[in-house]
Amino acid sequence: MELKDLMEGLAAEAGMDGVAPDDGGAYHLGIDGMRISLLEAGGRLALWADVGEPPPEGRERLFRTLLESSFMGEGSGGAAFAIDAKSGRVVLQRIETSGSLDLAGFKSMLEKFVNVLETWRKTVADFRDVAPSLDAAEREENDIARQLGIGAEGFMRV
């Protein structure tokens, strides 16, 4: 089915008023305070949503966590993480073959996407709260290593 038909079917089942694309052809759904965008182009269906702003400190830890969770789609529900070049915010995105979904499959995919999004929005928000203390602990650990003469490669300098 085409995205237009899927969105109309979803709207009818959910009792939503008419769902229409924006000027660029993307649809936007508000679900539990989150905005999920969908676009069909070139035989592909793309879903994406804002996950949150990476912390000013400890970004490397967060990015590593996001990348590790994306490996084989294990922790990302088959979606992938990206950084929006304009806003610098973390985005969750998923690409499907257009026309490969019926309404039931579309709803299932959308539900899974929303569940993963909710989890990672909370994770990123929580990470922002603890990142400064993690960085302080890391700085303290590095100071101790320096005092002991241990280099970045883990070998003791003599």
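Here the residue numbers are simple positions, counted from 1 along each chain's written sequence. The model is predicted, so local features are restricted to residues of pLDDT at least 70 and side-chain atom pairs to those at 80 or more, both for listing and for counting; the totals for chains, interfaces and linings are taken over all residues. Each side-chain value is worked out from all heavy atoms of the structure, with water and hydrogens disregarded.

*Asks:* Residues and numbers for the side chain of Arg94, please.
*Replies:* Looking at the element boundaries, Arg94 is found in strand 5 (residues 90-97). Arg94 gets classed as buried once you look at its relative accessible area, which sits at 15%. In protein, a polar contact requires one atom able to donate a hydrogen and another able to accept it; more generally it is a pair of N or O atoms within 3.5 Å, and residues adjacent in sequence count only if both atoms are side-chain atoms. From its side chain, Arg94 meets the backbone oxygen of Gly77 in a polar contact 2.8 Å long. The criterion used for residue contact is that any of the two residues' heavy atoms lie within 4.5 Å. In this structure, Arg94 is in contact with Leu45, Ala46, Leu47, Gly77, Gly78, Ala79, Met109, Lys112 and Phe113, ignoring residues within four places of it in sequence. By the criteria applied, helices consist of DSSP H or I runs no shorter than four residues and strands consist of E runs no shorter than two, each listed in order from the N terminus. Per-residue accessibility, obtained with a 1.4 Å probe over protein chains only, is compared with the maximum for each type, and a residue is labelled buried under 20%, exposed over 50%, and partly exposed between these values.

*Asks:* Provide a residue-level description of the pattern of salt bridges, including the pertinent values.
*Replies:* Oppositely charged side chains can form a pair if their charged atoms are brought close together. Criterion for a salt bridge: a side-chain nitrogen of Lys or Arg within 4 Å of a carboxyl oxygen of Asp or Glu. Enumeration over the complete set of coordinates arrives at seven salt bridges. The shortest N-O distance in the salt bridge between Arg64 and Glu68 comes to 2.7 Å. Remark: Glu68 and Arg64 occur in helix 2 (residues 59-70); sequence separation between them is four residues, near one turn of the helix. For Asp126, the salt bridge identified is with Lys122, shortest N-O distance 2.8 Å. Taken as a pair, Asp126 and Lys122 lie in helix 3 (residues 103-148) at a separation of four residues, close to a single helical turn. Each of Asp50, Glu53 and Arg89 takes part in a single network of salt bridges with overlapping partners.

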